[in-house]
Amino acid sequence: MVTTEYVLPEQWSEDLKDEKGELMSKSEFKRRQKAQRVAAEKAEKEAAKAAAAAAAPPKPAKEDGPALEDDSNEITDPTAYFENRVRYINAKKAKGVNPYPHKFHVSMPLPEYIAKYCSLEPGQQETETTVSVAGRIFSKRASGSKLLFYDLKADGVKIQIMADARCGGKARASPCEMSRYLYYRCLCPLVDLNHLGFRNSELSLDEFTAVHNDCKRGDIVGVEGFPGKSKKGELSIFPRKFVLLSPCLHMPPSTHFGLKDQETRYRQRYLDLIVNSDVRNIFQTRCRIIQFVRRFLDTRGFLEVETPMMNMIPGGAAARPFITHHNDLDMKLYMRIAPELFLKMLVIGGLERVYEIGRQFRNEGIDLTHNPEFTTCEFYQAYADYKDLLDMTETMISQMVLEIKGSYKIQYHPEGPEKPTIDIDFTPPWRRISMVSGLEECLGVKLPTDLESEEARQVLVELCIKHNVNCPPPQTTARLLDKLVGEFLEEQCVNPTFICDHPQLMSPLAKWHRELPGMTERFELFINKREVCNAYTELNDPIKQRELFQDQAKAKSAGDDEAMFIDDNFCTALEYGLPPTGGWGLGVDRMTMLLTDTCNIKEVLLFPAMKPEETGPKKEGDS
């Protein structure tokens with residue numbers, strides 16, 4: 001069967017039928033007639049356009065040059081990435097180019113740049129102002145073949161670099177020309193403006209592409225240009241000069257996933273600081289804590305001093321020391337465990353208010369709150385006692401928290417950021433617990449009056465067994481008491497709490513209590529169940545001090561490697577007369593943990609102690 005295409009006649013009639021044999025209305029006829037006319041006109045135009053194109057001479061091929069590279073072009077294999085970057089450095093050196101410039105003038109640090117220009121309106125640029133900044137590239141985004149956006153970070157803040165091949169290097173463009181360019185650029189960010197006369201007067205497109213393709217994420221660059229904001233309000237610098245100052249040879253962690261592995265973070269703290277901006281905040285808070293303590297003491301007439309780090313006798317605390325050797329003197333020396341004895345010698349010499357902020361070294365275990373080297377502040381004040389120090393501690397710590405946190409109350413995650421929070425209230429006054437009476441109340445027993453007797457030691461042993469408190473040998477009275485206090489009293493100390501009036505046998509450097517026989521005028525400050533401060537009225541009786549040192553020597557002979565040595569030099573100094581004195585110590589690391597909401601001491605130490613990394617195959621029997 002043969003079908004013919006329906007042809008619309010030139011005129012309408014009442015008996016006109018459509019392709020289906022049905023009568024066609026006059027309005028339908030006019031509609032079809034108009035559509036047929038429009039189609040014919042369109043076909044005629046297209047035919048004319050095709051004929052003109054065929055007659056025109058062929059256009060030369062457009063040369064756009066090499067494409068701009070951004071983060072999307074990054075090699076994902078770390079080894080290949082490193083090898084490529086090393087080849088790039090070597091190629092530069094082979095051409096006589098120094099890939100590590102000696103100097104780049106920075107006219108303004110980024111925080112100052114942000115503070116000065118953050119008030120600019122969206123789309124506003126100060127084209128007559130020239131500023132030079134520097135920092136590390138964190139992201140690189142290309143928009144076409146002539147426009148790049150960088151995120152530049154330094155000093156914990158970020159700005160945008162907007163590099164444009166058509167204007168970025170036009171150093172001799174007039175303010176009028178520059179304003180005209182920026183006007184069109186904001187209106188049409190992706191349109192080629194070369195026809196308006198705007199192009200890079202110093203770099204060709206190929207040179208611009210080469211300069212910026214050399215720059216990778218993680219590189220340190222210097223930028224000289226003018227400040228402004230993008231149309232969307234992003235504070236930016238528009239570069240006239242762009243210099244690679246120090247290439248990053250290793251592929252940085254991605255900005256999306258960051259750096260989460262704890263081992264890597266602690267071993268490569270520089271990388272942790274580069275990637276994780278919150279880490280900088282931790283150490284800024286640590287610095288503020290130290291600055292506050294220093295200012296608090298300086299305004300009260302204290303003198304900051306320095307005492308030896310290596311000693312012939314490790315004195316001032318009950319702890320196991322590190323041992324080193326002096327080759328020239330052929331003599332064993334100990335890294336200091338506390339500066340206490342030296343500071344008291346200075347008080348004897350007439351420096352009546354002294355303090356030292358510094359490192360101590362103790363050869364003990366590593367856990368969430370202990371590191372072999374740690375920072376303390378110790379001060380000694382003549383004519384003060386432990387009651388004065390109680391008040392000073394409340395004032396210092398509560399004011400410190402208020403200044404740094406803005407409130408006496410803080411929230412803390414004792415088991416990590418994903419676990420429940422606790423509230424810690426630093427509002428003074430704080431609770432005070434007398435150690436022995438508080439322990440008796442918790443245990444429901446009356447301890448022997450003479451705590452230095454064997455009877456008292458046996459009672460404490462039985463109490464530890466009864467309450468499943470583990471105390472490894474040697475089970476001295478001091479160690480047994482310390483374990484019981486840790487189990488029953490320290491657990492109560494979430495808010496700041498003073499545990500006071502320690503037994504004399506636990507405090508060989510503290511003065512005996514004026515009201516409680518067998519006890520000392522000593523206190524420890526506990527926050528979140530952890531010791532933060534330790535202070536006491538100093539023992540200044542040289543005869544009594546020598547006796548207590550001898551008791552410590554007996555404990556050391558019995559196997560207590562944390563007991564103190566006899567320090568004859570210090571006893572001799574005491575014989576010249578130590579005025580009534582109060583001594584005080586603060587653990588800076590633990591205080592920082594509280595105010596930065598971290599539960600691992602490694603988080604507040606820039607370079608914490610770490611076990612050596614395992615290399616090579618494991619030996620048989622290694623687990």
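Just so we're clear, the structure is a prediction, and the values are computed from it rather than from any experiment.

Undergrad: Help me out: how do you make sense of the pairing of strand 15 (residues 497-500) in this one?
TA: Remember that side chains alternate between the two faces of the sheet whenever the strand is regular. Across the two faces of strand 15 the burial is the same, with T497 and I499 and F498 and C500 all buried. The pairing of strand 14 (residues 431-434) with strand 15 spans four bridges and is parallel. Of the residues in strand 15, the one forming a bridge with S434 is C500. As defined by bridge partners, strand 15 adjoins strand 16 (residues 522-527) across four bridges and the pair is classed as antiparallel. By the bridge assignment for strand 16, T497 is matched with F526.

Undergrad: Teacher, can you tell me more about the side chain of R590 here?
TA: Position of R590 relative to the elements: it lies in helix 16 (residues 588-596). It turns out R590 is buried and unbridged, and the closest side chain with the opposite charge, E531, is 5.0 Å from it. The residues contacting R590, other than those within four sequence positions of it, are T369, H370, R530 and E531.

Undergrad: Where do I start with the packing of aromatic side chains in this structure?
TA: Each aromatic ring pair is specified by the distance between its two centres and by the angle formed by the two planes. Considering all chains together, one arrives at ten aromatic pairs under this definition. Centroid distance F426 to W430: 6.5 Å. Interplanar angle 70°. Geometry classified as edge-to-face. Exposure remark for F426: the relative accessible area of 0% places this residue in the buried category. Overall, W430 belongs to the buried group, its relative accessible area being 6%. Through a chain of ring-to-ring contacts, three or more aromatic side chains come together here, namely F426, W430, F498 and F523. Looking at K153, its charged tip hangs above the ring of F138, at a distance of 4.4 Å from the centre. The ring of F296 has R300 lying over it, and the distance from NZ or CZ to the ring centre is 3.5 Å.

Undergrad: Looking at this structure, I do not really get a nonpolar patch on the surface. What am I missing?
TA: A contiguous nonpolar surface patch, about 290 Å² in accessible area, is contributed by L273, L606 and F607. Following the sequence through the fold, L606 ends up in the segment after helix 16.

Undergrad: How should I be thinking about a negative patch on the surface in this particular structure?
TA: On the surface, a cluster of negative charge is contributed by D450, E452, E455, E547 and D551. Overall, the relative accessible area of 53% leaves E455 in the exposed class.

Undergrad: Would you mind going over the sheet that holds strand 15 with me for this structure?
TA: Hydrogen bonds between backbone atoms are what pair the strands of a sheet, whose relative direction is either parallel or antiparallel. Pairing within the open sheet is mixed, and its eight strands lie in the order 6-10-11-18-17-16-15-14. Either end of the sheet is taken by a strand with one partner, and the two such strands are strand 6 (303-304) and strand 14. Sheet contacts for helix 8 (residues 277-298): strand 6, strand 10 (353-361), strand 11 (373-382) and strand 18 (581-587); angle to strand 10, the most-contacted strand, approximately 155°. Together, strand 11, strand 16, strand 17 (530-537) and strand 18 form the strand contacts of helix 16, whose direction differs from that of strand 18 by roughly 50°.

Undergrad: When you look at the pattern of salt bridges in this model, what are you seeing that I'm missing?
TA: Two side chains of opposite charge can pair, provided their charged atoms sit close to one another. Counting across every chain of the model gives 30 salt bridges. Between R31 and E28 there is a salt bridge; the shortest N-O distance is 2.7 Å. Here E28 and R31 lie together in helix 1 (residues 26-55), a separation of three residues that amounts to about one turn. The network of salt bridges with common partners includes R141, D151, K158 and E234.

Undergrad: Explanation requested: the confidence of the model for the chain in the structure shown.
TA: Reading predicted coordinates in detail is not appropriate for stretches of low pLDDT. Chain-level statistics for the chain give a pLDDT mean of 89 and a share of 90% at 70 or above. Every residue in residues 168-175 is under pLDDT 50, and counting partners more than four places away or in other chains gives 22 contacts. A low-confidence stretch, residues 184-201 (pLDDT under 50), is modelled with 43 contacts involving residues beyond four sequence positions or located in other chains.

Undergrad: Explain helix 2 (residues 78-94) to me, please; I cannot follow it from the model alone.
TA: Helical periodicity: at 3.6 residues per turn, an α-helix aligns residues three or four positions apart in one direction. For helix 2, which comprises 17 residues, the first-to-last C-alpha distance of 24 Å matches the rise-based estimate of 24 Å (1.5 Å per residue) to within 8%. All of the buried residues in helix 2 are Y81, R85, Y88 and I89. Taken down its axis, helix 2 places every buried residue within 95° of arc, on the same side. Within helix 2, the exposed residues directed more than 90 degrees away from the buried face are R87 and A94.

About the cut-offs
- Residues numbered from 1 in each chain as written.
- Predicted model: local features only at pLDDT ≥ 70, side-chain atom pairs only at ≥ 80, totals over all residues.
- Heavy atoms only, no water.
- Buried < 20%, exposed > 50% of the residue type's maximum accessible area, 1.4 Å probe, protein only.
- Helix = DSSP H or I, 4+ residues; strand = E, 2+ residues; numbered from the N terminus.
- Pairing = 2+ DSSP bridges.
- Lys, Arg positive; Asp, Glu negative; His and termini not counted.
- Salt bridge = Lys/Arg side-chain N within 4 Å of Asp/Glu carboxyl O.
- Contact = heavy atoms within 4.5 Å.
- Phe/Tyr/Trp six-rings, centres within 6.5 Å; stacked < 30°, edge-to-face > 60°.
- Lys NZ or Arg CZ within 6 Å of the ring centre and 35° of its normal.
- Patch = residues over 30% accessible without salt bridge, like charges linked within 9 Å, V, L, I, M, F, W, Y side chains within 5 Å.
- Areas by Shrake-Rupley, 256 points an atom, 1.4 Å probe, with all protein chains shown as cover.
- Charge placed at Lys NZ, Arg CZ, Asp CG, Glu CD.
- Axes fitted to C-alpha atoms, helices over the stretch in contact; angles between N-to-C directions.
- pLDDT = per-residue confidence, 0-100.
- Expected span 1.5 Å × (residues − 1).
- Arc of directions from axis to C-beta.

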